[in-house]
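Each chain, letter by letter, is given below.
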Amino acid sequence: RDILGTNIMASKQLDRAVKDALQGHTPRILGALFLVGMCGSVFVYLHGQINLEKASMAMNAEESLKPYVKDAPEPVKPEVPVPVIASQELAVCRRERDDLKKKVVDVVKTHEISTNSLSRLRTELDTIGADCDRKLQAAAKKTKIPDSKLEKKLDDATKELQKIARKNLIAKYGEGKRIIIDMTTDQGPLSIEMAPTSLMPYVTWWFIDLIESGFWNGCGFVRNADHVLQANCGPKKGEKTYPSIAFQEYTPEYPHKIYTVGVAGFPGGPDWYINIVDNIANHGPGGQGVPEANPCFGKIIKGVDTVKNIHKQPRDNTGFQGLIKPVIIQKATVRAV
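Residues numbered from 1 in each chain as written. Predicted model: local features only at pLDDT ≥ 70, side-chain atom pairs only at ≥ 80, totals over all residues. Heavy atoms only, no water.

### Topic: the overall build of the protein
So, step 1. Tallying secondary structure elements over the protein gives seven helices and eight strands in all.
So, step 2. Residues counted as buried form 25% of the 337 residues belonging to the protein.
So, step 3. A sequence separation of at least 24 residues applies to 69% of the contacts in the protein between residues at least 6 apart.
So, step 4. Surface exposure of the protein reaches about 23,800 Å², of which carbon and sulfur atoms provide 59%. (Helix = DSSP H or I, 4+ residues; strand = E, 2+ residues; numbered from the N terminus. Buried < 20%, exposed > 50% of the residue type's maximum accessible area, 1.4 Å probe, protein only. Contact = heavy atoms within 4.5 Å. Areas by Shrake-Rupley, 256 points an atom, 1.4 Å probe, with all protein chains shown as cover.)

### Observations regarding the environment of V261
So, step 1. Locating V261 in the fold gives a position in strand β5 (residues 260-265).
So, step 2. According to the relative accessible area criterion, V261 is buried, its value standing at 0%.
So, step 3. In this structure the C-alpha to C-alpha distance between V261 and L229, which are 32 residues apart in sequence, comes to 9.5 Å.
So, step 4. Setting aside its immediate chain neighbours within four residues, V261 contacts I192, W272, Y273, I274, N275, P295, C296, F297, G298, K299 and I300.

### Considering the state of the cysteines
So, step 1. One pass over the full model with this rule turns up one disulfide.
So, step 2. Sulfur-sulfur distance for the disulfide between C219 and C233 comes to 1.7 Å. Across the S-S bond of C219 and C233 the torsion is about 70°, and the bridge reads as right-handed. With C219 in the loop between α5 (201-212) and β3 (220-224) and C233 in the loop between β4 (228-232) and β5, this residue pair connects regions lying 14 residues apart in the sequence. (Disulfide = S-S within 2.5 Å.)

### A look at the layout of surface pockets
So, step 1. Taken as a whole, the second largest pocket spans an internal volume of roughly 180 Å³.
So, step 2. As for the second largest pocket, its lining consists of 15 residues, of which G176, K177, A195, P196 and T197 are closest to the centre.
So, step 3. Within the residue set of the lining of the second largest pocket, elements represented by two or more residues are α4 (147-173) and β2 (188-194).
So, step 4. By residue number, the principal contributor to the lining of the second largest pocket is α4, which donates three residues.
So, step 5. Taken together, the residues of the lining of the second largest pocket sort by class into seven nonpolar, four polar and four charged. (1 Å grid on protein atoms, 1.4 Å probe; cavity = no way out; pocket = protein on both sides within 12 Å on 5 of 7 lines; lining within 4 Å. Points joined across faces, edges and corners; volume = space filled by probe spheres on them. Nonpolar A, V, L, I, M, F, W, Y, C, P; charged D, E, K, R; others polar.)

### Quick word on the side chain of E193
So, step 1. Relative to the assigned elements, E193 resides in strand β2.
So, step 2. With a relative accessible area of 16%, E193 lands in the buried category.
So, step 3. One polar contact links E193 to R178, side chain to side chain, over a distance of 3.0 Å.
So, step 4. Discounting chain neighbours no more than four positions away, the residues touching E193 are R178, I179, I180, Y254, F297, G298, K299 and I301. (Polar contact = N/O pair within 3.5 Å; in protein donor to acceptor, adjacent residues only side chain to side chain.)

Structural measurements only, silent on function.
Rendered as structure tokens:
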């Protein structure tokens, strides 16, 4: 029944018919079934051997490829295609270009507006200036003073100022007295005898007044040139004032010889210097490109070694020839002998 399937009717008559039909043939059928079973076993065995052989070959192939697979690089991730990148960069570039064009247009407009405004202002300024010039010329014709009279007025004012300065010096220090300035510096002491009050009263009075006020205490020598050692109040801490002289007092009777002292600048002051060479021509009238001369108002009477020590100090390579480290004037006092 198992061989013929479930479609055979399980009736008794059919069972007997089947038994009768198979009677005498059972040994043959069983032998055939045995042969079929043996063939199936052989087939299964051979199929298993083939699969084992395939597996062995696959394992051998994997082992042989291991040295190459071991050092193989990691798979590279796909990059964005170059045309796509170029397209993106081009788009950015175009946007930046358009923005820049707008900025240029704005700048040009602003420049045109500014240029037009400036042109109008210049025209107005020229008009106003020309009008002012005409008015000044008309006023000058009405109030013009001859040059000779102006020079006389200036000369009279200068002489009056010298007279007042001389009077104050005599009242304070006595007539005929020598006025000495004593200084202590980082490089040693200095003593300066002031010019006679009969020759240089104004600048002498101006310099002494600064000494007595304590102006030069804490200031120092800042320039180490080939011809002068110059002092100013640059090194001094705190608020600074810069009192200048009223006019360039000078007399050929007291010239810029070596180791004399003079007032620097036009108008001069408060800087002053020590002549370390003969500067009669350089610092006299016309020596620095102007008609006036630097005032010469005293001479070193003590401390030439100090002057030489200062001149030995290192200086920079500029035209000013400044001292690398200023030489400080610690204290300055006045006395009369």
